Amino acid sequence: MIINNSINFDDRKTNGYMQKRILVTGGCGFIGSHTIVQLIESGFEVVSIDNFSNAYREVLIAIKKLTGKNVHNLEVDLTDRDATLKGVRKEGPFEAIIHFAAYKSVGESMSFPFKYYQNNIPSVLNISEAAIQ
């Protein structure tokens, strides 16, 4: 899911001007970390939200080695509405939010569907609310 306010991805300002800021949820996961690298290489400033429930802190070190940039990570559980709103408000504003933080194992989701509902639904609702505030 990408939430934005008509971002023009060709309108980046990097030569002495403020860069566009993007928030990536699940930024330390496989897809999130690869997305962060591509965003940085495209001239964006990136902030990650990841609670490391299914990722590793070392990913941030790997991103720095690849890009030369430190990525700030907010260690927030997106199912916690207040913490999500507070974290996004404190670190924002953002031009866009790219949401990858979710449980995703098909087999496990069939065995434990409510575990997935209780994580994935509040997470998307909370990050969406934070995006419009």
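Here's what I pulled together on the structure shown here. Predicted model, so just to flag it, every value in this text is computed and none were measured.

### Focus: the side chain of His99
Then step 1. When you line up the elements, His99 lands in strand E5 (residues 96-99).
Then step 2. The class for His99 is buried, based on a relative accessible area of 11%.
Then step 3. A polar contact of 2.6 Å, which involves the side chain of His99, links it to the side chain of Thr25.
Then step 4. Of the polar contacts made by the side chain of His99, one reaches the backbone oxygen of Ala101; its length is 3.4 Å.

### Quick notes on the packing of aromatic side chains
Then step 1. A full pass over the atoms with the stated rule returns two aromatic pairs.
Then step 2. Both rings, one in Tyr103 and one in Tyr116, keep their centres 5.4 Å apart while their planes meet at 65°; by these two values the pair is edge-to-face. Of this pair, Tyr103 sits in the loop between E5 and helix H4 (106-111) while Tyr116 sits in helix H5 (residues 113-132), and the two are 13 residues apart along the sequence.
Then step 3. Of the residues examined, Tyr103 reaches a relative accessible area of 29% and is grouped as partly exposed.

### Some words on the pairing of E5
Then step 1. Side-chain alternation along E5 places Ala96 and Ile98 on one buried face and Ile97 and His99 on a second face that is also buried.
Then step 2. Where strand E2 (residues 21-25) lies against E5, four bridges are found, and the strand directions are parallel. Paired with Val24 across the strands is Ile98, a residue of E5.

### Structural notes on the nonpolar core
Then step 1. By size, the foremost hydrophobic cluster in this structure holds 17 residues, and its most contacted members are Ile22, Val24, Ile36, Leu39, Val46 and Ile63.
Then step 2. The set of elements that each furnish at least two residues to this core consists of E2, helix H1 (30-41), helix H2 (58-67) and E5.
Then step 3. Considering every element that reaches this core, the biggest residue donor is H1, with four residues.
Then step 4. Beyond its immediate stretch of four places on either side in the chain, Ile63 contacts Gly27, Ser33, Ile36, Val37, Ile40, Gly68, Lys69 and Val71.
Then step 5. Core analysis: the second largest hydrophobic core is formed by 13 residues, Ile49, Leu74, Ile97 and Ala130 among them.

### Section: H5
Then step 1. Look at H5: 29 Å from first C-alpha to last across 20 residues, which is about the 28 Å you get at 1.5 Å a residue.
Then step 2. Buried within H5 we find Tyr116, Asn119, Ser123, Asn126, Ile127 and Ala130. Taken end-on, H5 shows its buried residues confined to a sector of 140°, consistent with a single buried face. What points out from H5, more than 90 degrees from its buried face, is the exposed set Phe114, Gln118, Leu125 and Ile132.

What counts, and at which threshold
Residues numbered from 1 in each chain as written. Predicted model: local features only at pLDDT ≥ 70, side-chain atom pairs only at ≥ 80, totals over all residues. Heavy atoms only, no water. Helix = DSSP H or I, 4+ residues; strand = E, 2+ residues; numbered from the N terminus. Buried < 20%, exposed > 50% of the residue type's maximum accessible area, 1.4 Å probe, protein only. Polar contact = N/O pair within 3.5 Å; in protein donor to acceptor, adjacent residues only side chain to side chain. Phe/Tyr/Trp six-rings, centres within 6.5 Å; stacked < 30°, edge-to-face > 60°. Pairing = 2+ DSSP bridges. Core = buried A, V, L, I, M, F, W, Y, C linked by side-chain atoms within 4.5 Å. Contact = heavy atoms within 4.5 Å. Expected span 1.5 Å × (residues − 1). Arc of directions from axis to C-beta.

Everything listed is a geometric property; what it means functionally is a separate question.
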